[in-house]
Amino acid sequence: MQGFELFSAQHLITLGLFLAVCLCLVLFRKKLKPHQNVLKWTIFWTLPACEISAHLWLILTGQWEIGDLPLHLCSMSSFLAMYLFLKKSVKGFYVLYFIGTLPAILAMVTPEMSYVFPHFHFIEYFLHHSAIPIAALYFILFEGYRVPRKAILYTYFVVNIIAVPIFILNILLDTNFFYLASPTESKTILSFFGSGIMYYINLEIAALIVFSITYIPMWQLLKWESRKSKVNSYEHHL
C-alpha cells in the first residue's frame, strides 16, 4: 500500500475533508454550542489515540526507533492541546496557536508519507495532524481564547529555547527532532532550505514568517470583534 503521490486525488480529498470540518465548526458554532462537551472530549481523545496507536503500529511492525520519540513539533503541539483541554492557560494557547495550526497544516500539504489510503499510517497521520489545528479552532470558537500580536515574539522565543535541548539531544541520539539536524527525507518545504548555517538561518526566518502569517486570521478576528463591539455600544447608547 505504498506509493503516495503529492496532490493526488486522495491527498486533495483528505485536505478537503479537513477544511470542510473547520468550516462547519465556524459556520455552525452556535448550533454546536449545546454539544460543546461532546465535541471537546471527541477532539481530546483523538489526540492520545493517534499518538499511542502510531507508536504501537511502529513497535508491532518492528519499525520503531529512537527518532520516533514524541519530540517533534506536532507531538508537542498534541500534548499541549491535551493539557489545555484539562487546564486553562492563556500563554499555553499562544504557543499552541502558532506551532499547532499552520505548521500542522503545512505537514499535511507536504507530508512525509509513503503509504496510501486506507493504510493505517495514512489515516493516523492525517487524522492526528488535523486534530491539532481543529483543537486550536475549538479553543477560539468555544473557549474564547484570543492571541495578541506580542504573542508572535513570545512564541518565537519559547520555541527557540525549547530547540536548544532538542538540538543537543539530536547530537547525542543521532536523531532529527524539530528537523534541526537536516530536512525531511521526502520532498517537503524544508528541502529548499539549503544546508549548513544557511539551513538554520532559513529555519529562523521561516518560523517568523509562518508565525506572522498564522496571526493574520486572529488579527482579522480581533478587528471584526472590536468593530462589532463599537457598533453594539453605539446602538445601545441610541
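Every chain begins its residue count from 1, and numbering advances along the sequence as written. Since the coordinates come from a predicted model, pLDDT governs what is reported: local features require at least 70, and pairs of side-chain atoms require 80 or more to be given and counted, while whole-chain, interface and lining totals use all residues. Based on all heavy atoms of the structure, the side-chain values leave hydrogens and waters out of the count.

**What to know about the overall build of the protein**
Argument step 1. Check the secondary structure of the protein and you find 9 helices and 0 strands.
Argument step 2. We count a stretch as a helix when DSSP gives it H or I for four or more residues in a row; a strand needs E for two or more, and each element gets its number in order from the N terminus. Reading the secondary structure of the protein in the N-to-C direction produces α-α-α-α-α-α-α-α-α.
Argument step 3. Its C-alpha atoms give the protein a radius of gyration of 19 Å, near enough to 18 Å, the size a compact globule of 238 residues would have.
Argument step 4. The C-alpha extent of the protein, read off along each of the three principal axes, is 70 × 40 × 35 Å.
Argument step 5. Among the 238 residues that make up the protein, the fraction classed as buried is 41%.
Argument step 6. For this analysis, residues touch if any pair of their heavy atoms sits within 4.5 Å. Partitioning the intrachain contacts of the protein with sequence separation of at least 6 by distance along the chain shows that 73% fall at a separation of at least 24.
Argument step 7. Working definition of accessibility: Shrake-Rupley area with a 1.4 Å probe, residue cover restricted to the visible protein chains. Split by element, the accessible area of the protein, about 13,600 Å² in all, is 71% carbon and sulfur.
Argument step 8. Note on charges: Lys and Arg go in the positive column, Asp and Glu in the negative column, and His and the chain ends are not counted at all. A charge is said to be at NZ when it belongs to Lys, at CZ for Arg, at CG for Asp and at CD for Glu. Averaging the positions of the 16 positive and the 12 negative side-chain charges in the protein gives two centres separated by 22 Å. The size measure is the radius of gyration over C-alpha atoms, and the globule rule it meets is 2.2 Å times the number of residues to the 0.38 power. A 1.4 Å probe rolled over the protein chains alone gives each residue an accessible area, and that area as a share of the maximum for its type sets the label: buried under 20%, exposed over 50%, partly exposed in between.

**Some points on the layout of surface pockets**
Argument step 1. Computed from the structure, the second largest pocket encloses a volume of approximately 800 Å³.
Argument step 2. Residue lining of the second largest pocket: 26 residues in total, with Val26, Leu137, Ile140, Leu141 and Pro217 positioned closest to the centre.
Argument step 3. Those elements giving two or more residues to the lining of the second largest pocket turn out to be helix 1 (9-27), helix 2 (29-32), helix 6 (102-109), helix 7 (120-142) and helix 9 (197-237).
Argument step 4. Each residue belonging to the lining of the second largest pocket can be placed in one class, and the counts come to 18 nonpolar, 2 polar and 6 charged. For each structure, a 1 Å grid was placed over the protein atoms alone; sets of points admitting a 1.4 Å probe that cannot get out are labelled cavities, open sets with protein on both sides within 12 Å along at least five of seven lines are labelled pockets, and lining residues have an atom within 4 Å of a point. Grid points are joined across faces, edges and corners, and a volume is the space filled by probe spheres set on the points. Just so you know the grouping, Ala, Val, Leu, Ile, Met, Phe, Trp, Tyr, Cys and Pro go in nonpolar, Asp, Glu, Lys and Arg go in charged, and all remaining residues, Gly too, go in polar.

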